[in-house]
Amino acid sequence: MPFTATVLTMFPEAFPGPLGVSLIGTAWREKGLWDLQTLDIRAFSEDKRGFLDDTPAGGGPGQVLKADVVARALDSLSGPPRPLLYMSARGRPLTQARVKEWAKADGIVVLCGRFEGVDQRVLDARGFEEVSVGDAVLAGGEAAAMVVIEACVRLVPGVLGAAESLSSESFEDGLLEHPQYTRPRTFEGHDIPEVLLSGDHKKIAQWREAQREETTRERRPDLWAAHLAKTAAEPGSAKSKAKGAKARGE
């Protein structure tokens, strides 16, 4: 069975969206390297009018998706167990490390909320992980679900072709990616850095690493601090040696 992403949503017509184009779309439609399924949670309402939401307990604005409706939709799925993800602004941040773990599974099940969210009881009872794709609030979980699915699917072997293209990307080792250039050599007065045209692979690698460090330090001080801490803790690093020498009283 290929990696299968199943989306529980009120709006299945929103998919595949960007998941159906380019290499990822080809890997799905033509190569069968992964599969996308949508499940309309409206179909699991037992209300004759099709309602699947109700007013918040304790009062307040908006509506909340009902636990029993979501549970029936989820319980209708078959196959091996997969990580259950609920797209939520209050969830833990999406990271490449989490994506890599999910990509090792048989697939993922993604619940898209609407209104004020989903009854917490079904999230707790079924073991959903709440996932946030950024510090912003969306009207629903569909766009966020596409982000998570694309992040996972692109790691499925064969989807993007060359596996080595993934190794130097942003977040793979805690640093952001270096800038990229291609022809023409000069564009509106800006030249490709000479080192990239030198043919000296050692110097190019050093330049790219320096660019990754500078970019991370400027744009993501949180990642830079974590990178420094990890580097200092690694056996053989200068800081690690100094710390060991101090502990030995040298």
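Described in the following lines is the structure provided in the data block. All figures in this text were calculated on a predicted structure; none of them were measured in a lab. (Residues numbered from 1 in each chain as written. Predicted model: local features only at pLDDT ≥ 70, side-chain atom pairs only at ≥ 80, totals over all residues. Heavy atoms only, no water.)

With glycine set apart, most residues show a phi of negative sign, and most peptide bonds adopt trans. The residue after Phe-15, namely Pro-16, is reached through a cis peptide bond having omega 10°. With respect to the helices, strands and loops of the structure, Pro-16 is situated in the loop between β1 (3-9) and α1 (22-29). For the peptide bond that leads from Arg-183 to Pro-184, omega is 10°, which places it in the cis range. Along the polypeptide, Pro-184 turns up in the loop between α5 (142-153) and β8 (186-187). Even without being glycine, Ser-22 reaches a positive phi, approximately 60°. Counting through the fold element by element, Ser-22 comes out in helix α1. (Helix = DSSP H or I, 4+ residues; strand = E, 2+ residues; numbered from the N terminus.)

Glancing now at the packing of helix α3 (residues 96-103) against α5. The angle between the axes and the distance between the axes are what describe a pair of packed helices. Two elements in contact, α3 and α5, have axes whose closest approach is 8 Å; the angle formed by their N-to-C orientations is 70°. Classified by the angle their axes make, α3 and α5 are roughly perpendicular. Every pair of crossing elements has a handedness; the one defined by α3 and α5 is right-handed. The segment α3 lies against α5, with Val-99, Trp-102 and Ala-103 engaging Val-148, Ala-151 and Cys-152. Taken together, the residues of the contact of α3 with α5 break down into six nonpolar, no polar and no charged. (Axes fitted to C-alpha atoms, helices over the stretch in contact; angles between N-to-C directions. Parallel < 35°, antiparallel > 145°, perpendicular 65-115°, else oblique. Left-handed = near helix turned anticlockwise from the far one by under 90°. Contact = heavy atoms within 4.5 Å. Nonpolar A, V, L, I, M, F, W, Y, C, P; charged D, E, K, R; others polar.)

To continue, consider helix α6 (residues 201-219). Along its 19 residues, α6 runs 27 Å from first to last C-alpha, staying within 8% of the 27 Å computed at 1.5 Å per residue. Among the residues of α6, Ile-204, Trp-207, Arg-212, Thr-215 and Thr-216 are the ones counted as buried. Take α6 and look down its axis: the buried residues cluster within an arc of 160°, on one side only. Tucked into the core, α6 has its buried residues touching α7 (221-233). Between a side-chain oxygen at the N-terminus of α6 and the backbone nitrogen of Lys-202 the separation is 3.2 Å; the capping residue is Asp-200. (Expected span 1.5 Å × (residues − 1). Buried < 20%, exposed > 50% of the residue type's maximum accessible area, 1.4 Å probe, protein only. Arc of directions from axis to C-beta. Polar contact = N/O pair within 3.5 Å; in protein donor to acceptor, adjacent residues only side chain to side chain.)

Further remarks concern the pattern of salt bridges. Applying the stated criterion to the full structure yields 13 salt bridges. Here Asp-222 makes a salt bridge to Arg-220, at a shortest N to O gap of 2.9 Å. A residue is classified by how much of its surface remains accessible, and Arg-220, at 30% relative accessible area, is partly exposed. A cluster of three or more residues bridged by salt bridges with shared partners is formed by Glu-46, Asp-68 and Arg-72. (Salt bridge = Lys/Arg side-chain N within 4 Å of Asp/Glu carboxyl O.)

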